[in-house]
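Close look at the chain arrangement
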Amino acid sequence: MLDKLNPGTVTRIEVDGESRFKYLFLAFGVAIRGFRYIRKVVGIDGTFLKGQYWGVLLVATTQDGNGQCYPLAWGIVDSENEDAWTWFFTQLKEVIGDTDELALISDRASSIKKAISTVFEKAHHGACAWHVAQNIMNKFKCADIMGSYWSAVNAYKCEDFAGYMIEISNRYPRVAKYLENEVGFEKWSRCHYSGLRYNITTMNMVESLNSMLFNARDFPYVALLDLNPVTYHVKGGELEGVVDIFNKTCTCKEFDIDKLPCVHAVAAAHHA
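Below is a summary of the structure that appears in this document.

As for the overall build of the chain
For the chain, the count of helices and strands is 13 helices and 10 strands. If one aligns the C-alpha atoms of the chain with their principal axes, the spans along those axes are about 75 × 50 × 35 Å. Within the chain, buried positions represent 46% of all 272 residues. By element, 52% of the accessible surface of the chain is carried by carbon and sulfur atoms, the whole surface being about 14800 Å². One way to put it: in the chain the 28 positive side-chain charges average out to a point 3 Å from where the 32 negative ones average out.

As for the environment of Glu-240
The topology assignment puts Glu-240 in the loop between strand 8 (231-234) and strand 9 (241-244). A C-alpha to C-alpha distance of 35 Å links Glu-240 and Ala-27, two positions 213 residues apart in sequence.

Looking at the sheet that holds strand 7 (residues 124-127)
Across the sheet, which stays open at both edges, the 7 strands sit in the order 1-2-5-4-3-6-7 with mixed pairing between neighbours. Of all strands in the sheet, those with a lone pairing partner are strand 1 (10-15) and strand 7, marking the two edges. Averaged over all adjacent pairs, the angle separating strand axes in this sheet is 20°, with direction ignored. As paired elements, strand 3 (residues 41-48) and strand 4 (residues 56-63) share 6 bridges and run antiparallel to each other. Residue Phe-48 lies in a different strand from strand 4, and its bridge partner there is Val-56. Contacting strand 3, strand 4 and strand 5 (69-77), helix 10 (residues 204-212) runs over the sheet at an angle of about 35° to strand 3.

Some points on the pattern of salt bridges
For side chains bearing opposite charge, pairing can occur when the charged atoms are close. Going through the model one piece at a time under the given rule, you end up with 5 salt bridges. Between Glu-94 and Arg-12 there is a salt bridge, and its shortest N-O distance comes to 3.2 Å. One end of the pair, Glu-94, is in helix 3 (residues 82-96); the other, Arg-12, is in strand 1, with 82 residues separating them in the sequence. Shared partners join several salt bridges into a network, and the residues in it are Asp-16, Glu-18 and Arg-20.

Brief notes about the sheet that holds strand 8
Reading across the sheet, the 3 strands line up as 8-9-10 and stay open at both edges, with antiparallel pairing between neighbours. Of all the strands in the sheet, the pair left with one neighbour each is strand 8 and strand 10 (249-250). Judged from the 4 bridges that link them, strand 8 and strand 9 form a sheet pairing that is antiparallel. Bridge pairing in strand 9 links Tyr-232 to Val-243.

About the cut-offs
- Residue indices begin from 1 for each chain and proceed along its sequence in written order.
- Local features are withheld for residues below a pLDDT of 70 in this predicted model, meaning they are given only at 70 or higher, and side-chain atom pairs are given and counted only at 80 or more; totals for whole chains, interfaces and linings count all residues.
- Side-chain figures throughout are based on the complete set of non-hydrogen atoms in the structure, without hydrogens or water.
- Helix and strand definitions here come from DSSP, where helices need a minimum of 4 consecutive H or I residues and strands a minimum of 2 consecutive E residues; each element is numbered from the N-terminal end.
- With a 1.4 Å probe rolled over the protein chains alone, any residue whose accessible area is under 20% of its type maximum counts as buried; one over 50% counts as exposed, and the rest are partly exposed.
- Computed by Shrake-Rupley with a 1.4 Å probe, the accessible areas treat only the displayed protein chains as cover when residues are assessed.
- His is not counted, nor are the chain ends, whereas Lys and Arg count as positive and Asp and Glu as negative.
- Lys charges are placed at NZ, Arg charges at CZ, Asp charges at CG and Glu charges at CD.
- Strands were regarded as paired on the criterion that DSSP finds at least two bridges between them.
- Only the stretch in contact is used when a helix axis is fitted, and all axes are lines through C-alpha atoms; the angle between N-to-C directions ranges over 0 to 180 degrees.
- In this analysis, two residues are considered to be in contact whenever any of their non-hydrogen atoms come within 4.5 Å of each other.
- Between Lys or Arg on one side and Asp or Glu on the other, a salt bridge is scored when a side-chain nitrogen of the former is within 4 Å of a carboxyl oxygen of the latter.

Structure, rendered in structure tokens:
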């Protein structure tokens, strides 16, 4: 059904030795095709589900040419462990490939880091600068040097970056060592990053998607991903209409014959 309604859609389901559900991967064909024409910077994150069967929703998101959130792939796994992330990234690699132009941005979870290094040979892994900032705040209690930190994050020239790091080191030497040795300049600094992440330094695109799905995390798996076609009963105008958006039909027959959305279809699409 999915491939019929959205050609090129990729779905993968993994079961355990007793044929019980284990992992799911989904990437809609339209998202895969569109990815060819946008910048290859992908935010990766997971958020826990609160329904009867628990689990974790994994998302891979990028930005379109207008800077808007562009969901690329979805996954449902048991937890954010190395095996689950490795399986998810293996499926994702089949969809988006593995090139030197690809940048994968995430928090600093060791399971993500290990899985990316296992699956992707050419892509570059970067740390979300916002998550690094939160780690600094929680670990060192140094809110007064965050301005210097963000200036270092966004610096284009290495000499400017070095100046901001001197400011940080003079006041909080341990923070400077943490940023250099534990995190690595190449993971969070614009001027030191070895790949192409353009102006994308955080995972805001992923966090926005997670916020949008906050209430949906209570849903069963199928309802969460909304895999079933839906009809709408629209009242208004001279004639009521029952619209099937996916099959492009309406009981008023205008949508069927003209192949252009009737007033009922427009109303249904707005609601959807």
